Amino acid sequence: PCSDGEIRLVDGIVSNEGRVEICFGNEWGTICDDVFTSVDAQVVCKKLGYLTTDALAFSSAHFGSGTGDIFLDNVGCSGTESSLLDCSYVSGNSINCYYGHNEDVGVRCQVNATGVCTYGDIRLVGGSNQYEGRVEVCINDTWGTVCDDGWGSYDSTVVCKQLGYAYTGYGKYYSSAYFGSG
């Protein structure tokens, strides 16, 4: 389940880029790239906790075509908004995304300016949502993968706890580069 206005980046190589998906009515959908600019990308990045400087917008399904509904079109932000829903846009029957999901918008956000990451940080990359993906850890300002030899549910539970996710029982884990190799 998701909340109206919640956004995520999907199918990027790293977690700070990807196709922009937005939630409406507990469903994830995409955004048409018509008139979507770097200013709109800044609002996406701000909402996701990234820097807004040098935010990039990508058109023509740069990060692949989504599925389901296209929820927003003709998004127009000033850059001061905290959510895309605070910007001007059209939705519903007013959407004129002629080429459908071939016009899905993508965004690349910048990470913190003091370094790529902080030693010991972890993240999940390549999953279909923020709660799953390939585990990556930061060592010396560089993200790297974790070998799955000996990895088990206890290890997955620690990752879930470190990321601040609620958990019951044990974290589920996958092996053999299930979410893609790093």
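Residues numbered from 1 in each chain as written. Predicted model: local features only at pLDDT ≥ 70, side-chain atom pairs only at ≥ 80, totals over all residues. Heavy atoms only, no water.

Trainee: Before we go on, may I ask you to explain the overall build of the protein chain in this structure?
Mentor: Across its full length, the protein chain holds two helices and 10 strands. Listing each helix as α and each strand as β along the protein chain from the N terminus yields β-β-β-α-β-β-β-β-β-β-β-α. In terms of C-alpha radius of gyration, the protein chain reaches 17 Å, essentially the compact-globule figure of 16 Å for 182 residues. Counting the 182 residues in the protein chain, one finds 40% classified as buried. Restricting the contact set of the protein chain to residue pairs at least 6 apart, pairs at least 24 apart contribute 61%. For the protein chain, the exposed area adds up to about 10,000 Å²; of that, 48% sits on carbon and sulfur atoms. Charge centroids of the protein chain, computed over 9 positive and 23 negative side chains, lie 6 Å from each other. (Helix = DSSP H or I, 4+ residues; strand = E, 2+ residues; numbered from the N terminus. Rg over C-alpha atoms; globule rule 2.2 N^0.38 Å. Buried < 20%, exposed > 50% of the residue type's maximum accessible area, 1.4 Å probe, protein only. Contact = heavy atoms within 4.5 Å. Areas by Shrake-Rupley, 256 points an atom, 1.4 Å probe, with all protein chains shown as cover. Lys, Arg positive; Asp, Glu negative; His and termini not counted. Charge placed at Lys NZ, Arg CZ, Asp CG, Glu CD.)

Trainee: Explain helix 1 (residues 38-47) to me, please; I cannot follow it from the model alone.
Mentor: Residues spaced three or four apart along an α-helix face the same direction, because each turn holds 3.6 residues. When we look at burial in helix 1, the residues that qualify are Asp 40, Ala 41, Val 43, Val 44 and Cys 45. Each element contacted by the buried residues of helix 1 is listed here: strand 1 (7-11), strand 2 (17-24), strand 4 (51-58), strand 5 (70-76) and strand 7 (106-110). A positive backbone phi angle near 90° is found at Gly 49, which sits one or two residues after helix 1.

Trainee: Would you explain the pattern of salt bridges in this entry?
Mentor: Pairs can form between side chains of opposite charge once their charged atoms are near each other. Evaluation of the coordinates by the stated rule reveals six salt bridges. Across the pair Arg 19 and Asp 11 runs a salt bridge whose closest N-O atoms are separated by 3.2 Å. Here Glu 17 and Arg 108 are joined by a salt bridge, their closest N and O atoms 2.6 Å apart. With a gap of 91 residues between them, Glu 17 in strand 2 and Arg 108 in strand 7 connect regions that are remote in the sequence. (Salt bridge = Lys/Arg side-chain N within 4 Å of Asp/Glu carboxyl O.)

Trainee: Would you mind going over the confidence of the model for the protein chain with me for this structure?
Mentor: Atomic detail in the predicted coordinates should be set aside for any region of low pLDDT. Mean pLDDT over the protein chain works out to 86, with 94% of the residues at or above the 70 mark. Within the protein chain, the lowest mean pLDDT, 81, falls on strand 10 (residues 142-145), and the highest, 96, falls on strand 5. (pLDDT = per-residue confidence, 0-100.)

Trainee: Can you walk me through helix 2 (residues 153-162) in this structure?
Mentor: Within helix 2 the residues assigned to the buried category are Ser 156, Thr 157, Val 159 and Cys 160. Down the axis of helix 2, the sector holding all buried residues measures 160°, keeping them to one side. Looking at the buried positions of helix 2, the neighbouring elements they touch are strand 8 (122-126) and strand 9 (133-139). One or two steps after helix 2, the chain reaches Gly 164, where phi turns positive at roughly 80°. (Arc of directions from axis to C-beta.)

Trainee: Just to check I follow, could you spell out the nonpolar core for this structure?
Mentor: Inside soluble globular proteins, nonpolar side chains tend to come together where they are buried. Counting residues in hydrophobic clusters, the biggest one holds 20 residues, and the most contacted among them are Ile 31, Phe 36, Val 44, Val 75, Leu 84 and Val 107. Elements represented by at least two residues in this core include exactly strand 1, strand 2, helix 1, strand 5 and strand 7. For this core, the element with the highest residue contribution is helix 1, accounting for four residues. Apart from the residues within four sequence positions on either side, Val 75 is in contact with Ile 31, Asp 34, Val 35, Phe 36, Asp 40, Leu 84, Cys 87, Ser 88 and Tyr 89. (Core = buried A, V, L, I, M, F, W, Y, C linked by side-chain atoms within 4.5 Å.)

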